[in-house]
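# Secondary and tertiary structure notes
So the chains spell out like this:
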Amino acid sequence: MAMKTLPAGEHQITVVAARSLERAQKFAETHGNPKAYGSYQELPDDPDIGCGPCVFQEGPGRRRSAGVYCLQFILMVFKRGETKVCPCHRSAIRLRTLWHAPAPRALMNLDEDGMERAATVERKTRTPPTDTSHESDTGRRRYDRPEKARKDLPFTTVCEVAIMAIRWGICSAGKISHDFTVALKTLPQEDHQVVAVAARNLQRAEEFAQKHNISTVYGSYEELARDPNIDVVYVGTIHPHHLPVGILLMNAKKNVLIEKPLAMNLREVQELVATAKMNDVFLMEAVWTRFFPASLEISKLLSQEAVGEVKMVRADFGVPLLNTPRSVEKELGGGALLDIGIYCLQFVLMVYGGEKPECIQATGVCLDTGVDESMVITLKFSRGRLAVCTCTVAVELPNDAIVNGTKGAIRVPAHMWCPTSLIVNGKETPYPVPEPYLPLNFINSTGMRYEAEEVRQCLLKGLKESSRMSHADSALLAEIMDEARRQVGVVYSQDCQ
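This is a predicted model, so every value here is computed, not measured. (Residues numbered from 1 in each chain as written. Predicted model: local features only at pLDDT ≥ 70, side-chain atom pairs only at ≥ 80, totals over all residues. Heavy atoms only, no water.)

As a further point, take the sheet that holds strand 18 (residues 385-392). As summarised here, the arrangement of the 8 strands in space is 16-17-18-15-19-20-21-22, forming an open sheet in which the pairing is mixed. Each edge of the open sheet is held by one strand with a lone partner, namely strand 16 (359-366) and strand 22 (427-430). Looking at each pair of strands side by side, their axes are set apart by 10° on average, direction ignored. Strand direction decides the pairing type here: strand 20 (residues 408-412) and strand 21 (residues 421-424), joined by 2 bridges, are antiparallel. Bridging from a neighbouring strand, R411 pairs with I423 of strand 21. Set on the sheet, helix 13 (residues 471-488) makes contact with strand 16 and strand 17 (372-381); between it and strand 16 the angle comes to about 50°. (Pairing = 2+ DSSP bridges. Helix = DSSP H or I, 4+ residues; strand = E, 2+ residues; numbered from the N terminus. Axes fitted to C-alpha atoms, helices over the stretch in contact; angles between N-to-C directions. Contact = heavy atoms within 4.5 Å.)

Laid out in structure tokens, this is it:
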């Protein structure tokens, strides 16, 4: 019937064959075929069939081959038959074929390297005959159905794509790690699970684990790196430790999400990226702002030119942190720019699509510790577009951001680094974040759930970086901060290595 919907000048059915001549003749009469054969052997000798002849062969019976449609769909989705579905150790594809008998299933798992393990297929009749049973290659019992069961038992095939939970390890038991773990608990447990935590102090790790109901505790980062039951590690250490800890984990074949800044300078960022590529693992800088629904909406609005051509971007972030050691001590990687100013810069680069500025001008004030207390950075981009970023750990600023275009403006009210609303051409839209199950250390921290889900989606797709916060984005961010620090006179020990 389908062939008859095509042009007769391009497709013609000239003959039909079946193992029963009577069935072939009935078929030919129904479809108007001139010839019918009672055996398949007669077909190749027919001079009127195509050129060769050309034979189109269905699978082993349309009913019995139903599962192939499920498999081909999966392979199409995962691009041209690649069997490496995702790098997650517990991810699986399940194909289940149902007879009247108990449901057999074929389970295709991924090994510790993310590669396909041999599938185990169980086939069972209502009373599996013992003489046809044997052990499969993977040691599970399998049965072959007798030919009568194949012919007589009706069945259907159901294809289940079951992606198991991403297993997180938490590296460092500090405040930001607490908030990240709370954020993970706002996501479905079948998608995200925290299975281990490590700190340099075992007691702190144990207290963290008890608070968050984490089963495995380590008193060193090395032990965490060796744990085979972890898919990805969140690194919440102080800034100077991002490089050594990141390298430790990636050399152990762990995917990593490293807190911002990814590293202390561009050289360290490049070293982390090179290590990720060498070990074929996922690496992303945890610039959580980029994954908030409000931030995604900004990108959408800009792509639609909702405010016309963008000409000016301004972003401010200032909070009094002079009594916070991590913000003011050089040995801890302190300074307004690396600690909070990075949010302003990343916002500008997000708006301008990751474009490298033509000119960077920075001025600032430094503390006695040698780090910047306050900094103002002016960036000039192509086509006369500008941006101004202001950051300080001395006083409170409006902490908002605004994108000005030729046809309107997009304003991000406080707090611009974790936005929960947008004002577009005067109209405000809320984007609330979930409530936490435990008190948070930082505002709107349950919004870290969005970057965690981005990591999961990337891992399921087999990606090694996020397109929304790529390695190139992190490198450009570090390059701009290096230049701004150079102009202001902020030098870390890592800059001299």
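Applying the stated criterion across every chain yields a total of 7 aromatic pairs. Between F317 and W417, the ring centres sit 3.6 Å apart and the planes meet at 5°, which makes this aromatic pair stacked. Taken as a pair, F317 in strand 15 (residues 310-318) and W417 in the loop between strand 20 and strand 21 lie far apart in primary sequence, 100 residues in all. Comparing F317 with W417, the two get one shared label, buried. The interplanar angle of 45° and the centroid separation of 4.4 Å between the aromatic rings of Y352 and F381 together place this pair among those described as tilted. Of this pair, Y352 sits in the loop between helix 11 (336-351) and strand 16 while F381 sits in strand 17, and the two are 29 residues apart along the sequence. Side by side, Y352 and F381 carry an identical accessibility label, which is buried. Through successive ring pairs, a cluster of aromatic residues spans W168, F180 and Y234. (Phe/Tyr/Trp six-rings, centres within 6.5 Å; stacked < 30°, edge-to-face > 60°. Buried < 20%, exposed > 50% of the residue type's maximum accessible area, 1.4 Å probe, protein only.)

What follows covers the layout of surface pockets. Empty space within the second largest pocket amounts to approximately 1,000 Å³. Around the second largest pocket sit 34 residues that line it, and K175, I176, R326, D339 and F442 are the ones nearest its centre. Those elements giving two or more residues to the lining of the second largest pocket turn out to be helix 4 (175-184) and helix 11. The element that contributes the greatest number of residues to the lining of the second largest pocket is helix 11, accounting for 3 residues. For the lining of the second largest pocket, the per-class residue count stands at 16 nonpolar, 11 polar and 7 charged. (1 Å grid on protein atoms, 1.4 Å probe; cavity = no way out; pocket = protein on both sides within 12 Å on 5 of 7 lines; lining within 4 Å. Points joined across faces, edges and corners; volume = space filled by probe spheres on them. Nonpolar A, V, L, I, M, F, W, Y, C, P; charged D, E, K, R; others polar.)

Turning next to the nonpolar core. Counting residues in hydrophobic clusters, the biggest one holds 88 residues, and the most contacted among them are W168, F180, V313, L345, F347, I377 and L379. The element that contributes the greatest number of residues to this core is helix 11, accounting for 13 residues. For F347, the residues in contact, after removing those within four places along its chain, are I298, V313, A315, A401, V403, V412 and M416. (Core = buried A, V, L, I, M, F, W, Y, C linked by side-chain atoms within 4.5 Å.)

Here we take up the sheet that holds strand 10 (residues 192-198). In space, the 6 strands of this open sheet follow the order 11-10-9-12-13-14, with parallel pairing throughout. Pairing within the sheet leaves two strands with one partner each, and these edge strands are strand 11 (216-218) and strand 14 (283-286). Between one strand and the next, the sheet's axes are offset by a mean angle of 25°, whatever the strand orientation. Pairing of strand 9 (residues 166-171) with strand 12 (residues 232-235) involves 4 bridges; the strand directions are parallel. Paired with W168 across the bridge in strand 12 is V232. Helix 4 contacts strand 9, strand 10, strand 12 and strand 13 (255-259) of the sheet and is inclined by roughly 165° relative to strand 9. Contacting strand 9, strand 10 and strand 11, helix 5 (residues 202-212) runs over the sheet at an angle of about 160° to strand 11.

A few words now on helix 13. Helix length check: helix 13, at 18 residues, gives a terminal C-alpha distance of 26 Å against a target of 26 Å (1.5 Å per residue), a fit within 8%. For helix 13, the full list of buried residues reads H471, D473, S474, L476, L477, A478, I480, M481, A484, R485 and V488. Check the buried side of helix 13 and you find it contacts helix 8 (266-279), strand 14, helix 11, strand 16 and strand 17. Phi for G489, located one or two positions after helix 13, is positive at around 95°. (Expected span 1.5 Å × (residues − 1).)

When their charged atoms lie close together, side chains carrying opposite charge are able to pair. For the structure on display, the rule yields 20 salt bridges. A salt bridge links R267 to E268; the nearest nitrogen and oxygen atoms lie 3.9 Å apart. Under the relative-accessibility criterion, R267 is labelled partly exposed at 32%. Residue E268 is classed as buried on the basis of its relative accessible area, which comes to 2%. With a closest N to O distance of 2.8 Å, D316 and R314 form a salt bridge. When its relative accessible area of 28% is taken as the criterion, R314 is described as partly exposed. Among the charged side chains, a salt-bridge network with shared partners connects R314, D316, D400 and R411. (Salt bridge = Lys/Arg side-chain N within 4 Å of Asp/Glu carboxyl O.)

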